[in-house]
Amino acid sequence: MARFLKKKDKTIGKVPGEPVFIGVKKVDQATINVIDYNDTEISETSNVEAEYLKTLKEKNTVSWININGLHDIELIKEIAETFDLHPVVAEDIANTDQRPKMEDHEEYIFITTKMMRFDEDNTKILNEQVSIIFGKNFLITFQECPGDTFDPVGNRIRKKRGRISGANTDYLAYALMDSIIDKYLVITEKIGEKIEDLEDLVLDSTDSQTPYDIKNYKREIIFLKKAFKPTKEFILQLNNMESGLIDEKTFPFLKDLMDLSTQAVESVETYRDLLSDQLNLYNTNVGNKLNEIMKVLTIFSVIFIPLTFVAGIYGTNFEYLPELKYRYSYFIFWGVLILIAVVMLKFFKNKKWI
């Protein structure tokens, strides 16, 4: 399965709004877990049936419904019908290649984005699509597989820490997005450390593996930017929108979320530029190394040119050469050669060519 653009041949000929799973099946069976709470009580239920969700619509509590597994199209359709979700929303949920975005449907707000994980062993960014839908008293999260990104939020609800237990679904949506963005920054920091370590290697070495490392890191940074930039865009939309589903008290938190997403985008852009500089520096170092080699070879060539000239004259096949019959002509010949080489080396050194 391609990372940057997944195959959509399954959607060809389909009716618009018909959900089609695009991606890789990551769990054997889709599961539904529910945390139902308010400022005084909390109940948690695991592996519930879709039919159970109908009872949550009329309750005067905040119901966080988490679905793990997007391959079960019938389950997505049933949940969409239960909560009156638009067919296009159901289609976007099943498409794991969906670009991060936000849509206001008046009765609910639909958000889809990416959760990231850094595989340090293979130096590769892994992603998972997550969709968040929140209405007046319900919030639904769709994940490809179980993960730990949302665990801190669940723990805060269980322990009634902070304002989350007494807040509405808009604050819960903010808390979930905050966990996702925090993970973005952690991953950027980890890959950034490796990129900065690579900079030291570029300065000290011209190893042929270095450009491949730079290329790999650059690919991962571009992969991060593909998720970070549109996420920042829809968070800006959230900050500017007027909706009865978002309390005025939540907007300061959304502004903080905007700052974090901006930091994440700026970080990946900084590291992308740094990788480009590293590649240019590597090519410059290789060029300088080649120039040093060529300089040495040129110096040797220049020194041997007059020596070859003298040797050519000495070795000519003329019968009458006065030096040939002189007893010490051989030693004089070598003396002249050595003298020429020494004079030329001294000349090059005075010119600071060597």
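These notes cover the structure that comes with them. (Residues numbered from 1 in each chain as written. Predicted model: local features only at pLDDT ≥ 70, side-chain atom pairs only at ≥ 80, totals over all residues. Heavy atoms only, no water.)

**Quick notes on the pairing of strand β4 (residues 101-104)**
Bridge count for β4 against strand β5 (residues 109-119) is four bridges, and the pairing is antiparallel. Looking across to β5, one finds that Met 102 is bridged to Ile 111. (Pairing = 2+ DSSP bridges. Helix = DSSP H or I, 4+ residues; strand = E, 2+ residues; numbered from the N terminus.)

**Digging into the packing of aromatic side chains**
Evaluated as defined, the whole model comprises six aromatic pairs. Ring centres of Phe 83 and Phe 138 lie 4.7 Å apart, and the angle between their planes is 40 degrees; this geometry places the pair in the tilted category. With a gap of 55 residues between them, Phe 83 in the loop between α1 (73-82) and α2 (87-94) and Phe 138 in strand β7 (residues 138-143) connect regions that are remote in the sequence. Under the relative-accessibility criterion, Phe 83 is labelled buried at 4%. Each ring, one from Tyr 184 and one from Phe 228, has its centre 4.3 Å from the other, and the planes form 25 degrees; the classification is stacked. With a gap of 44 residues between them, Tyr 184 in helix α4 (residues 169-204) and Phe 228 in helix α5 (residues 210-240) connect regions that are remote in the sequence. (Phe/Tyr/Trp six-rings, centres within 6.5 Å; stacked < 30°, edge-to-face > 60°. Buried < 20%, exposed > 50% of the residue type's maximum accessible area, 1.4 Å probe, protein only.)

**So, the sheet that holds β5**
Within the open sheet, the seven strands sit side by side as β2-β1-β3-β7-β6-β5-β4. Their pairing is mixed. Only two strands of the sheet have a single partner each, and these edge strands are β2 (42-45) and β4. Strand-to-strand twist in this sheet, taken as the mean axis angle between neighbours without regard to direction, amounts to 15 degrees. Where strand β3 (residues 62-68) meets β7, six bridges bridge the pair, whose relative direction is parallel. In the sheet register, Asn 68 faces β7, and the bridge partner there is Gln 143. Packing against the sheet, α2 makes contact with β4, β5, β6 (124-134) and β7, and its axis sits at approximately 160 degrees to β6. (Axes fitted to C-alpha atoms, helices over the stretch in contact; angles between N-to-C directions. Contact = heavy atoms within 4.5 Å.)

Any functional reading would require information that these geometric values do not contain.
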